[in-house]
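Observations on the three-dimensional arrangement
Residue strings, one per chain:
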Amino acid sequence: MTEAVRLNAASKVYGKGQSAVAALREVSLGIERGTFAAVMGPSGSGKSTFLHCAAGLDLPSSGSVRLGGTELTGMNETALTELRRQRVGFVFQAFNLVSSLTVIENITLPLCLAGAKVDRAWLAEIVRRVGLEGRTGHRPAQLSGGQQQRVALARALVTRPEVVFGDEPTGALDTMTAREVLVLLREVVSTLGQTVVMVTHDPVAASYADTALFLADGRIVDSMSTPAAEKVAERMTRLGAWK
Amino acid sequence: MISIALRTLRHRRAGFAGAFVALLFAAALVTACGMLLETGLRGSVAPERYAGTPVIVAGDQFVRQTKAGGKSKAKPVSERRWIPASIAEEVSRIPGVTKVVTEVTFPFAGFTAHGWESAQLTPFTLAGGRAPNAAGEVVVDARNATAKIPGYRVVGVTAQALPSQDTIFFTTREARRLAGHAGLVTAIGVFPQVDVTVKGALAYTGDERGALEFLDAESARVKLISLGGALGGTSLLVAILVVVGTFALSLQQRQRELAMLRAVAATPRQVRKLIGGEALLVSVAAGLLGSVAGMLVGFWLQARFVALGAMPANLPLVVSPFPALASVAVTLVAAWTAARVSARRITRIRPVEALGEAALPGSRLPWARTVAGVVVLAGGVVLTIVLSSLSTEAAASPVTMLTALVWTIAVALLGPAIARVAAAVPPRAAGAGGYLALKNLRAGTRRLASVITPLALMTAMTCTILFVQTTMGHAGQNEVNAGLKADYVLGPGASAAGVREVPGVRAATEVLRTTARIGLEKFSVQAVTPDGLDRTMDLDVTAGSLAGFGTTSAALSRTAAERLDAGVGDQIELALGDGTPAVVKVAAIYTRGLGFGDLTLSHQLVAAHVDDPRGTVLVSGGDRAALERALPGVTVRAQAEAGEIGTSNAAVNYVAMGLIIAFCAIAVVNTLAMSTSARSRELALLRLVGATRRQILRMLRTETLVATVVAVVIGTGISLVTVTAFSVGMTGSAAPYLPPLTYLAVIAAPAALALIATVIPARFALRVHPTEALGARE
């Protein structure tokens, strides 16, 4: 078992009858453990739907999704939530943190919700890795955008999840700050062996990944190993992302 | 979970302030009502006059009836029941009894008068002078040492005075003559404390003696039960409605954060628990503070009721921890329920839906809510129909409030649908501010709905409370104006026979007001002297005739006849004011029952069965000067000034229900302030794209104005339906009476409140620099 995520003929249809829109059409793919995958695609290609289905935030209309060997289809909301908090970490574009909690409380929130014990050493390790030492007592409002995103990443790592999913994690950041976050993600994969799946439309962001997967019209249309930014940009242009 | 809840509370004080205030007020109202209710149930008056006598034997002040199921019910009578003096002898023969003292009580020139025989009940002792020996002599109490008693000579002053009554003593014989109940006494004092059982009377000991001494306190106590219950029930329903609204609004504003929690790791249960925990924490604080405030409100209410004469000053408010405990418990349950109800929707949606950019509140009404709304709406219709068939005030008053509330709850449930329709109506508004306002209204119908509910509630409750009273008053007044044919009304103390001898007087009718019970039901009674009745009043007789009206005759108002299912010629058994049974035959049915009374009986039948037999006299013909000359000391009023219906009941209702209106007003301010301050980001964005402060304020004002207009229309509609149904039941005609000026004031108040509650938070929001406001994530 070396695949962290496995999709088999997963489809997602929104709406019914005439107004039905297929956001994902029979997508089948696997993501290897300990790798960094970037999912690329123009607006409306089904990137977000793919992420939601793969991460157990939503269930596909048909087909199957397996996370670290566990079949997600058929699970109810509570079971999905429990699975997410044990095996999945999230970094969203924005609105990531609970404003009433401090940095350290935000990071340990998933453990607190799961009623699990905090592994002090591990916590110190990830706080050090994301560079938040000395800021653990701050509130989100006192941090910059990049720092907030690093808190989110630390929170995603604290449960030692199967996969960390990022939904445009650098979308709301400036180039420099985005770079820092991406370097951090890359490091997490290389040194901790963490699996990371990131949805993005930024070729530079994709260039930090091991693999780039291209989505268009709800299908995987291409993939690229060790993607370089220029090549990814070129591929995206052909997909019609920048007309 | 509780620790997270606590931190959220600390961090979002503003967001919870609304719910806190609503719960605080609810707790205060429930506590105050609980105090009234408890006083009604357990309150007692300490005896004053009977304080020095261990056992008092007196008449049963209740009409009792044993139902078929063996359950016995008792209702108090309104006048004092006298007992035969012969019982005294019987009591004195009971083993152990050493002394028996008889007493008569009657009103005399503003004093409570007795014979000197009963001075030892208190006991009263002489401080100066001597006991009365001759018929023309009288003894006054210490407080009235210098008082003059018309027609009598003060020969002595007692050493004592009672706190709640001014006492005078005649000779025993004179007192019995003045009291006018031959062979009867009001009470028999028994020394020492022994068990007394006699036929035809009851033995009263302890605080029961106080209840006997102050019959008005006893009836006030009974009234407090129904008032406290109705007020408490109404405020509870209003509280739940308001608290649910506030919680829903505050959760809506935190939707994103809650969705993030869901996505990260929280199960729907955990989020519900978090929200419930927050609600519990807020409600504990609000409940504790509110119940303390409620005690003060309770004492304030008591003071108002005493001032209005609805509650005697010597009936002390019962103070116990129960109302406070009950209110804390009720607040907890209300808040928790409200939070869970509001949380349902938010925890059911998938985190994806809530996180996405398209997470704008959907305007589609969940089907469960639609079904609930329709069911409650049907409930409103049923209640309205029921209300239109209720013809007694005791039954109609609480149902009226309930009907108005149920309609409002239906509006609250179906609010988003109503808001969508309402937002589509205004075609265009001037300027960019108006343009934006209309766009906002159409896009955010959920927000509009949450604002409409408290405004409609306030309008509906205020209109209903006020216009029920004006409708009743107006209908009664109309009947009096139409039916009172006399030229003058003479105040208490005159006798019809004396007035008839005044030159120019064509007819004089003596009128006494009292009550009677038929079965256990209470009816208002006017007792009249039948001579020349057709010249002093016109009851608008629809069946039968008042000709030959005698001591065994009765005339019934149409509503009373319907309640009793009686017609002309039927025999009716009734209990007079003091509980004495009588059988009368229905001679006539008349329509003007609101103005004159449910029952009309003969003066001769009733006079001996009331505490104060001095009624008013209606006079036709004659002139004022001649009447005043012939009857010194009697007030003479012309017909126009005299025909006023008593309004003390209305005033009591205004005071009690005023609290509920105040509660609704708080809800209005709460909701609008919350709704406006939650929009600071949106306002900042508008300013950054070039909107001026004036345009933004104009936009907000327009939105509030539209909401107010919609709410006023709905609220007025609800109260019109309710008051019309009430009017059909009580007055027999669908004629709600809305004094235009009062109505204008009633609708201006919520409008003004709403505008203030919009503009002030908006100004605060606009004071912050727009870039900062945008930066602050929420």
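The structure presented is a predicted model; accordingly, all values stated were derived computationally and were not measured.

Basis of the calculations
- Residues numbered from 1 in each chain as written.
- Chains lettered and ligands numbered in written order.
- Predicted model: local features only at pLDDT ≥ 70, side-chain atom pairs only at ≥ 80, totals over all residues.
- Heavy atoms only, no water.
- Helix = DSSP H or I, 4+ residues; strand = E, 2+ residues; numbered from the N terminus.
- Buried < 20%, exposed > 50% of the residue type's maximum accessible area, 1.4 Å probe, protein only.
- Contact = heavy atoms within 4.5 Å.
- Areas by Shrake-Rupley, 256 points an atom, 1.4 Å probe, with all protein chains shown as cover.
- Phe/Tyr/Trp six-rings, centres within 6.5 Å; stacked < 30°, edge-to-face > 60°.
- Lys NZ or Arg CZ within 6 Å of the ring centre and 35° of its normal.
- Axes fitted to C-alpha atoms, helices over the stretch in contact; angles between N-to-C directions.
- Parallel < 35°, antiparallel > 145°, perpendicular 65-115°, else oblique.
- Left-handed = near helix turned anticlockwise from the far one by under 90°.
- Nonpolar A, V, L, I, M, F, W, Y, C, P; charged D, E, K, R; others polar.
- Disulfide = S-S within 2.5 Å.
- Domains from an automatic or database assignment.
- pLDDT = per-residue confidence, 0-100.
- Pairing = 2+ DSSP bridges.
- Patch = residues over 30% accessible without salt bridge, like charges linked within 9 Å, V, L, I, M, F, W, Y side chains within 5 Å.
- Salt bridge = Lys/Arg side-chain N within 4 Å of Asp/Glu carboxyl O.
- Core = buried A, V, L, I, M, F, W, Y, C linked by side-chain atoms within 4.5 Å.

Let us now look at the overall build of chain B. Within chain B one finds 27 helices and 24 strands. For chain B, the C-alpha atoms occupy an extent of roughly 100 × 60 × 55 Å along the three principal directions. The buried share among the 778 residues of chain B stands at 53%. Sequence separation of at least 24 residues holds for 80% of the intrachain contacts in chain B that already meet a minimum separation of 6. Within the structure as shown, chain B displays about 32400 Å² of accessible surface, and the carbon and sulfur contribution to it stands at 61%.

Another point: the packing of aromatic side chains. Considering all chains together, one arrives at 10 aromatic pairs over all chains under this definition. Of the aromatic side chains, those joined through ring pairs into one cluster are B:Phe106, B:Phe108, B:Tyr152 and B:Phe170. Its end group placed over the ring of A:Trp122, A:Arg160 keeps NZ or CZ at 4.3 Å from the ring centre. Here the guanidinium or amino end of A:Arg235 rests over the ring plane of A:Phe214, the centre of that ring lying 5.6 Å away.

Looking now at the packing of helix H12 (residues 393–413) of chain B against helix H25 (residues 693–731) of chain B. Residue and element names in this part refer to chain B. Axis separation between H12 and H25 bottoms out at 10 Å; the angle between their running directions is 155 degrees. Considered as vectors, H12 and H25 are oriented roughly antiparallel to each other. Considering only the axes of H12 and H25, their crossing is right-handed. Contacts between H12 and H25 involve Glu393, Ala396, Thr400, Thr403, Ala404, Trp407, Thr408 and Val411 from the former and Ile714, Ile718, Val721, Thr722, Phe726 and Met730 from the latter. Grouping the amino acids of the contact of H12 with H25 by side-chain chemistry returns 9 nonpolar, 4 polar and 1 charged.

In this section: the state of the cysteines. Residue and element names in this part refer to chain B. Counting across every chain of the model gives 0 disulfides over all chains. Considering cysteine sulfurs only, cysteine 664 is the nearest to cysteine 33, which forms no disulfide, with 13 Å between them. Overall, the relative accessible area of 2% leaves cysteine 33 in the buried class.

Here we come to the domain arrangement of chain B. For chain B, the assigned domains read domain 1 (1–40 + 214–359), domain 2 (55–210), domain 3 (375–476 + 647–778) and domain 4 (488–642). Each of domain 1 of chain B and domain 4 of chain B has a C-alpha centre, and the two are 50 Å apart.

Note: predicted coordinates in regions of low pLDDT should not be interpreted at a detailed level. Predicted confidence across chain B gives a mean pLDDT of 82, with 92% of residues reaching 70 or more. Residue range residues 357–361 of chain B is modelled with pLDDT below 50. Its contacts to residues more than four positions away, or to other chains, number 5 contacts.

All names here are of chain B. For the pair helix H24 (residues 680–688) and H25, interaxial distance at closest approach is 10 Å and the crossing angle is 135 degrees. For the element pair H24 / H25, the angle class is oblique. In terms of crossing hand, the pair formed by H24 and H25 is right-handed. In this structure, H24 uses Glu682, Leu683, Leu686 and Arg687 to contact H25, whose residues at the interface are Ile696, Met699 and Leu700. For the contact of H24 with H25, a count of residues per class yields 5 nonpolar, no polar and 2 charged.

Attention shifts here to the sheet that holds strand E10 (residues 219–225) of chain A. All names here are of chain A. Taken in spatial order, the 6 strands make up an open sheet running E6-E7-E8-E3-E9-E10, and their pairing is mixed. Both outer strands of the open sheet, strand E6 (88–91) and E10, are each paired with one neighbouring strand and no more. Across the sheet, the mean angle separating the axes of adjacent strands is 20 degrees when strand polarity is ignored. Sheet topology note: the strand E7 (residues 163–167)/strand E8 (residues 195–199) ladder contains 5 bridges and is parallel. Of the residues in E8, the one forming a bridge with valine 163 is threonine 195.

Let us now look at the pairing of strand E20 (residues 571–575) of chain B. Pairing geometry for E20(B) and strand E21 (residues 581–590) of chain B, over 5 bridges, is antiparallel. For B:Glu573, the partnering residue across the bridge sits in E21(B) and is B:Val583.

Moving on, we get to a nonpolar patch on the surface. Residues and elements named next belong to chain B. Among the surface-exposed residues, Trp367, Val371 and Val375 lie close enough to one another that they form a single nonpolar patch of about 360 Å² accessible area. Looking at where valine 375 falls in the secondary structure, it is placed in helix H11 (residues 367–387). When its relative accessible area of 55% is taken as the criterion, valine 375 is described as exposed.

Residues and elements named next belong to chain B. Strand order across the open sheet formed by 6 strands is E6-E7-E11-E9-E10-E8, with mixed pairing between neighbours. Strand pairing shows two members of the sheet lacking a second neighbour, strand E6 (106–108) and strand E8 (126–129), which therefore form its edges. Strand-to-strand twist across the sheet, computed as the mean angle between neighbouring axes with direction ignored, equals 35 degrees. Bridging between strand E9 (residues 137–140) and strand E10 (residues 153–158) involves 4 bridges; their strand directions are parallel. Residue pairing for E10: valine 138 is matched across the bridge by valine 154.

Here we take up the pattern of salt bridges. As enumerated under the stated definition, the model contains 24 salt bridges over all chains in all. One salt bridge in this structure joins A:Glu71 and A:Arg66, with 3.3 Å as the shortest N-O distance. A relative accessible area of 26% places A:Glu71 in the partly exposed class. B:Glu562 is the salt-bridge partner of B:Arg558, the closest N and O atoms lying 3.6 Å from each other. Here B:Glu562 and B:Arg558 lie together in helix H18 (residues 558–564), a separation of 4 residues that amounts to about one turn. What makes B:Arg558 partly exposed here is its relative accessible area of 28%. Here the residues in one salt-bridge network are A:Glu125, A:Arg128 and A:Arg129, joined through shared partners.

Time to look at unusual backbone geometry. The step from B:Thr122 to B:Pro123 runs through a cis peptide bond, and the omega angle for that step is -5 degrees. For B:Pro123, the location among the structural elements is in the loop between strand E7 (111–115) and E8. Cis peptide bonds are those with omega within 30 degrees of zero, and the linkage from B:Phe191 to B:Pro192 qualifies with -15 degrees. For B:Pro192, the location among the structural elements is in the loop between strand E13 (187–191) and strand E14 (202–204). Unlike most non-glycine residues, A:Ala9 shows phi in positive territory, near 45 degrees. Counting through the fold element by element, A:Ala9 comes out in strand E1 (residues 3–14). Even without being glycine, A:Asp217 reaches a positive phi, approximately 55 degrees. Take A:Asp217: it is sitting in the loop between strand E9 (211–216) and E10.

If you look at the biggest cluster of nonpolar residues, it comprises 93 residues, and the most contacted ones within it are B:Val238, B:Phe247, B:Phe305, B:Ile452 and B:Met461. The dominant element in this core, judged by the number of residues it contributes, is helix H23 (residues 648–677) of chain B, at 13 residues. Residue assignment places this core across two domains, with domain 1 (1–40 + 214–359) and domain 3 (375–476 + 647–778) of chain B each supplying three or more. Not counting residues up to four positions away in its chain, the partners in contact with B:Met461 are B:Thr234, B:Val238, B:Met401, B:Ala404, B:Leu405, B:Ile660 and B:Cys664. Counting 39 residues, the second-largest nonpolar core is a separate cluster that includes A:Phe36, A:Trp122, A:Ala154 and A:Leu157.

Extensive coverage of helix H7 (residues 255–264) of chain B is indicated by the burial of 9 of its 10 residues. When H7(B) is considered as a whole, its buried residues turn out to be B:Gln255, B:Glu257, B:Leu258, B:Ala259, B:Met260, B:Leu261, B:Arg262, B:Ala263 and B:Val264.

Our next topic: the environment of B:Leu37. Residue and element names in this part refer to chain B. The topology assignment puts leucine 37 in helix H2 (residues 13–42). Sequence spacing of leucine 37 and proline 613 is 576 residues, and the spatial spacing of their C-alpha atoms is 33 Å. In this view, leucine 37 contacts Leu224, Ile225, Gly228 and Gly229; residues no more than four positions away in its chain are not counted.

Right, let's talk about the pairing of E10(B) for a bit. Note: E8(B) against E10(B), 3 bridges, orientation antiparallel. For B:Leu126, the partnering residue across the bridge sits in E10(B) and is B:Thr158.

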